[in-house]
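Structural features, examined
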Amino acid sequence: MALLKILHYPDPRLHTVAKPIAEVNDEIRRLAADMAETMYAAPGIGLAATQIDRHIRMLVVDISEEKNSLLTLINPRILLKEGEAMHEEGCLSVPGIYDKVSRAERIRVQATNLAGESFELDADGLLGICIQHEIDHLEGKVFVEYLSRLKQTRIKHKLTKQAKEAM
Ligand code: NI
């Protein structure tokens, strides 16, 4: 297994729309394992392939305290959205920034698992928010894009400055 490098906003590669995965093979399973390891090490509760510069439709999430409830979603599709909820979000691609975003309160998702089988999942609370946030990544969208223009500009400046200082 290997830790993967996470792209940081405002890297333009984060705005790539990911392509569907045609076949769940060993390469995909290896990448999923590396993504999970990278997410746990960060530490984070979700990671989309887009964030590690692989533009295919796969994401991993684990919102449990014990880090023992890993979910891998391949080609995820939201079938149903209900209600509305505002929660503070963060993102491994936007380190140190947290802000409130409005999302659906409950979702039903259809996806493929690592065995290549289709499944459906009902998610609410933190899990529902996390899945919506990660699916956005696959569409090339970062959560800060829900914030005001002014906030987005401030965040861009802050992260660009941090990246320069780290070099
Ligand atoms: Ni994120």
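Everything discussed here concerns the structure shown above.
Let us look at the structure shown here. Every value quoted in this text rests on a predicted model; they were computed, and no experiment measured them.

**Describing the state of the cysteines**
Taken as a whole and assessed by the stated rule, the structure comprises zero disulfides. The thiol sulfur of C130 is not disulfide-bonded, and the nearest other cysteine sulfur, from C91, lies at 9.8 Å.

**Examining a nonpolar patch on the surface**
Together, I45, I63 and L126 make up an exposed nonpolar region whose accessible area comes to about 220 Å². Secondary-structure assignment places I63 in the loop between strand 2 (58–61) and strand 3 (71–82).

**Observations regarding the coordination of the nickel ion**
Coordination sphere of the nickel ion, protein contribution only: C91 (SG), H133 (NE2) and H137 (NE2), at 2.1 to 2.2 Å. Taken in sequence order, the residues that donate to the nickel ion follow the motif C-x41-H-x3-H. Here C91 is found in the loop between strand 4 (85–89) and strand 5 (99–103), whereas its partner H137 is found in helix 2 (residues 125–138), with 46 residues between them in sequence. As far as burial versus exposure is concerned, C91 and H137 are alike and both buried.

**What about the pattern of salt bridges?**
On inspection of all chains with the given rule, the structure shows twelve salt bridges. The residue K151 makes a salt bridge to D99 at a minimum N-O spacing of 2.9 Å. With K151 in helix 3 (residues 149–166) and D99 in strand 5, this residue pair connects regions lying 52 residues apart in the sequence. Judged by relative accessible area, which is 34%, K151 ranks as partly exposed. With a shortest N-O distance of 3.7 Å, R106 and E105 are connected by a salt bridge. Judged by its relative accessible area of 35%, R106 is partly exposed. Judged by relative accessible area, E105 falls into the partly exposed class, the value being 36%.

Calculation criteria
- Residues numbered from 1 in each chain as written.
- Predicted model: local features only at pLDDT ≥ 70, side-chain atom pairs only at ≥ 80, totals over all residues.
- Heavy atoms only, no water.
- Disulfide = S-S within 2.5 Å.
- Patch = residues over 30% accessible without salt bridge, like charges linked within 9 Å, V, L, I, M, F, W, Y side chains within 5 Å.
- Areas by Shrake-Rupley, 256 points an atom, 1.4 Å probe, with all protein chains shown as cover.
- Salt bridge = Lys/Arg side-chain N within 4 Å of Asp/Glu carboxyl O.
- Helix = DSSP H or I, 4+ residues; strand = E, 2+ residues; numbered from the N terminus.
- Donors = N, O, S within 2.8 Å, 3.2 Å for Na, K, Ca; no water.
- Buried < 20%, exposed > 50% of the residue type's maximum accessible area, 1.4 Å probe, protein only.

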